[in-house]
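Remarks on the overall topology
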Amino acid sequence: MIILLNLLICSSSETALRMPMFDMTIPANIVTLSNTVDFYEDFFMSYPLLNDNFLILCDGIPISRDKIPISPSIEKIEVINENVSSTYGNYACLPEGTKGVINIITKRFKPERPYSNIKWAKSPDYFQFELGRPLFRPNITMYVAGNLDTTLKTTSNLCFNSSLVNLQAFYRDNNTFGISASGGKANRSKLILTRDFYSLTQRFNISEHQLLIGVEDENGYFVQDYWEPFRLLYLVPSVRYGYDSKFYPKLGLGYVPVFNVTLFGSVTEKEQNAGIRVLESSINYSTVNGLTTRLVSPSLYNLKIGAFFGKDSLEGFTRWTLWGEYGKYFPSKEIGIHITGDIMSQMVRLELQIIDVKISYRVTPYNYPYNYYSYNIFWEFWD
């Protein structure tokens, strides 16, 4: 029952492919990152091959690297390591060192998960807070996060959810203010509107096809189909007609021979790739980016370990890392422990939880990404 509920929750959310499917059946080289983080860079601890040739999105809106939202407000990050110009525009299909898309997904207040806490950190010095509360009625919620170092940086949203429509007004301190609207539980219509960007998508269910039609600022028009011609065999043809008067076609495919194993691949004008995904582990070969391997073990006795190997197409050398994560909570004593470590950055982080207070200490040589050591106190309340 728990597994089924988890699949239903995942299937109701829109993925980086813009289709409401859970990760097991996504026919693409997609990695979902949701590590415990102190900094934005920590999300990519187990996925180190990132460079400037990735298109960065925040909730589907293109942003620059200097406008990445503050880390407390990030819920998870999706990385698409393949050509996606058929839906995200020709700037996501660079001729050299083509990588793909980083989609940052920010938090909303969820009544079943507390989003009210404060955090004080030292070296570097900063103060963070998160606050999420229902307002007036249970289906109207507010979420606010802030990071105070030398200046105050904030992100916030106000949401209204019902069976007919989901509305969100959001603000980020990079002067991005906008609204997002989707068609209730079915989520078939979606509008994103900011001062500098707009996107409108509409999904149709026609027989065995899930057809997605959209228009975006600077990207032009795109059409994408999600089709299951045979059981657990998925085809995703898509094409975009850009404002540069060019067509960008793509064919993605995936097959699930057994539970939690997916074979996937895609063909575009400039790149062909194929791979296999088993749970969180994957092996992928691309005609542009070469061979990459990401191995993640199942959680065994609260311990999870992983490795990544790949060749950087821009730098021309092989990069690799090994990482581990251990966490355990003792309900009877209301204490918990969480340990993470990564060889590439030589980072080790130890966190101790006592009731609703967390204390962490972190060692990271060579100023990666910030100082040699840091520690913080994190207090979660109103849960």
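Residues numbered from 1 in each chain as written. Predicted model: local features only at pLDDT ≥ 70, side-chain atom pairs only at ≥ 80, totals over all residues. Heavy atoms only, no water.

So, the overall build of the protein chain
Just so we agree on the cut-off: The helix count covers DSSP runs of H or I at least four residues long, the strand count covers runs of E at least two residues long, and both are numbered beginning at the N terminus. Relative accessibility under 20% of the residue-type maximum defines a buried residue, over 50% an exposed one, and the middle range a partly exposed one, all with a 1.4 Å probe and only protein chains included. It only takes one pair of heavy atoms within 4.5 Å for two residues to be counted as in contact. Using a 1.4 Å probe, the Shrake-Rupley method yields the accessible areas, and only the shown protein chains count as cover for residues.
The helix and strand tally for the protein chain stands at 2 helices and 27 strands. The burial tally for the protein chain puts 46% of its 383 residues in the buried class. Considering only contacts in the protein chain between residues 6 or more positions apart, those separated by 24 or more positions represent 38%. Element-wise, carbon and sulfur atoms account for 63% of the exposed surface of the protein chain, whose accessible area totals about 19400 Å².

Re the confidence of the model for the protein chain
Detailed conclusions should not be drawn from predicted coordinates in areas where pLDDT is low. Note the cut-off: As a per-residue measure, pLDDT tells how confident the predictor is, with possible values from 0 to 100.
Mean pLDDT over the protein chain stands at 83; residues scoring 70 or higher make up 87%. Across the protein chain, strand E24 (residues 335-342) holds the top mean pLDDT of 94, while helix H1 (residues 2-11) sits lowest at 29. Note on residues 1-12: pLDDT under 50 across the span, and 7 contacts to partners over four residues away in sequence or across chains.

Quick word on the sheet that holds strand E1 (residues 30-33)
Within a beta sheet, neighbouring strands are joined by backbone hydrogen bonds and run either parallel or antiparallel to one another. Where we set the bar: Should DSSP find at least two bridges between two strands, the strands are taken to pair. The angle between two axes is taken between their N-to-C directions and runs from 0 to 180 degrees, where each axis is a line fitted to C-alpha atoms and a helix contributes only its stretch in contact.
Strand order in the open sheet formed by 5 strands is E1-E4-E5-E2-E3, and the pairing between neighbours is mixed. Lying at the two open borders of the sheet, with one neighbouring strand each, are E1 and strand E3 (61-63). On average, each strand axis in the sheet is tilted by 25° relative to the strand beside it, whichever way the strands run.

Considering unusual backbone geometry
Notably, serine 245 is not glycine yet its phi reads approximately 65°, a positive angle. Phi at glutamine 346 takes a positive value of approximately 55°, unusual for a residue other than glycine. Positionally, glutamine 346 belongs in the loop between E24 and strand E25 (347-354).

Brief notes about the pairing of strand E13 (residues 198-206)
Strand direction decides the pairing type here: strand E12 (residues 189-194) and E13, joined by 5 bridges, are antiparallel. Bridging across to E13, serine 189 finds its partner in glutamine 202. Linking E12 to E13, which pair antiparallel, is a turn of 3 residues. Note that E13 and strand E14 (residues 209-216) share 8 bridges and pair antiparallel. Within E14, the residue paired with serine 199 across the bridge is glutamate 216. Between E13 and E14, which pair antiparallel in sequence order, lie 2 residues; one of them, serine 207, sits at a positive phi of approximately 55°.

Here's the deal with the environment of tyrosine 285
Inspection of the secondary structure puts tyrosine 285 in strand E20 (residues 281-286). Sequence separation between tyrosine 285 and glycine 265 is 20 residues; the distance between their C-alpha atoms is 9.1 Å. The contact partners of tyrosine 285, leaving out residues within four places of it in the chain, are Gln272, Asn273, Ala274, Gly290 and Leu291.

Here's the deal with the pattern of salt bridges
Note the cut-off: A pair is scored as a salt bridge if a Lys or Arg side-chain nitrogen falls within 4 Å of a carboxyl oxygen belonging to Asp or Glu.
Inspection of every chain in the model, using the stated rule, returns 10 salt bridges. The salt bridge partner of aspartate 38 is lysine 119, with a shortest N-O separation of 3.1 Å. With a gap of 81 residues between them, aspartate 38 in the loop between E1 and strand E2 (54-58) and lysine 119 in strand E6 (residues 117-122) connect regions that are remote in the sequence. Per residue, the accessibility class of aspartate 38 equals that of lysine 119, and both read buried. Shared partners join several salt bridges into a network, and the residues in it are Asp38, Asp42, Lys119, Arg349, Glu351 and Arg362.

Considering the nonpolar core
Our working definition: What is meant by a nonpolar core is a set of buried Ala, Val, Leu, Ile, Met, Phe, Trp, Tyr and Cys residues, joined one to another through side-chain atoms within 4.5 Å.
Counting residues in each nonpolar core, the largest one holds 19 residues, and the members touching the most others are Tyr40, Phe44, Ile77 and Ile104. Those elements giving two or more residues to this core turn out to be E1, E2, strand E4 (74-80) and strand E5 (100-106). Discounting chain neighbours no more than four positions away, the residues touching phenylalanine 44 are Leu33, Asn35, Leu50, Ile77, Val79 and Ile102. Residues Ile26, Ala28, Ile30 and Val84 belong to the second largest nonpolar core, which totals 9 residues.

Some words on the environment of leucine 148
With respect to the secondary-structure elements, leucine 148 resides in strand E8 (residues 137-148). Linking leucine 148 and phenylalanine 127, residues 21 residues apart in sequence, is a C-alpha distance of 5.0 Å. Excluding residues that lie within four positions of it along the chain, leucine 148 makes contacts with Tyr126 and Phe127.

Examining the side chain of threonine 176
In this fold, threonine 176 is placed in strand E11 (residues 176-182). Residue threonine 176 is classed as buried on the basis of its relative accessible area, which comes to 14%. Apart from the residues lying within four places of it in its own chain, the contact partners of threonine 176 are Phe170, Tyr171 and Thr194.

A short note on the environment of asparagine 376
To keep it simple, the criterion reads: N or O atoms closer than or at 3.5 Å make up a polar contact, with two conditions inside protein: a donor-capable atom paired with an acceptor-capable one, and, for residues adjacent in sequence, both atoms drawn from side chains.
Along the polypeptide, asparagine 376 turns up in strand E27 (residues 373-380). Residue asparagine 376 is classed as buried on the basis of its relative accessible area, which comes to 5%. A sequence separation of 255 residues divides asparagine 376 from alanine 121, and the C-alpha atoms of the two residues are 3.9 Å apart. Among the polar contacts made by the side chain of asparagine 376, one reaches the side chain of serine 360 at a distance of 2.7 Å.

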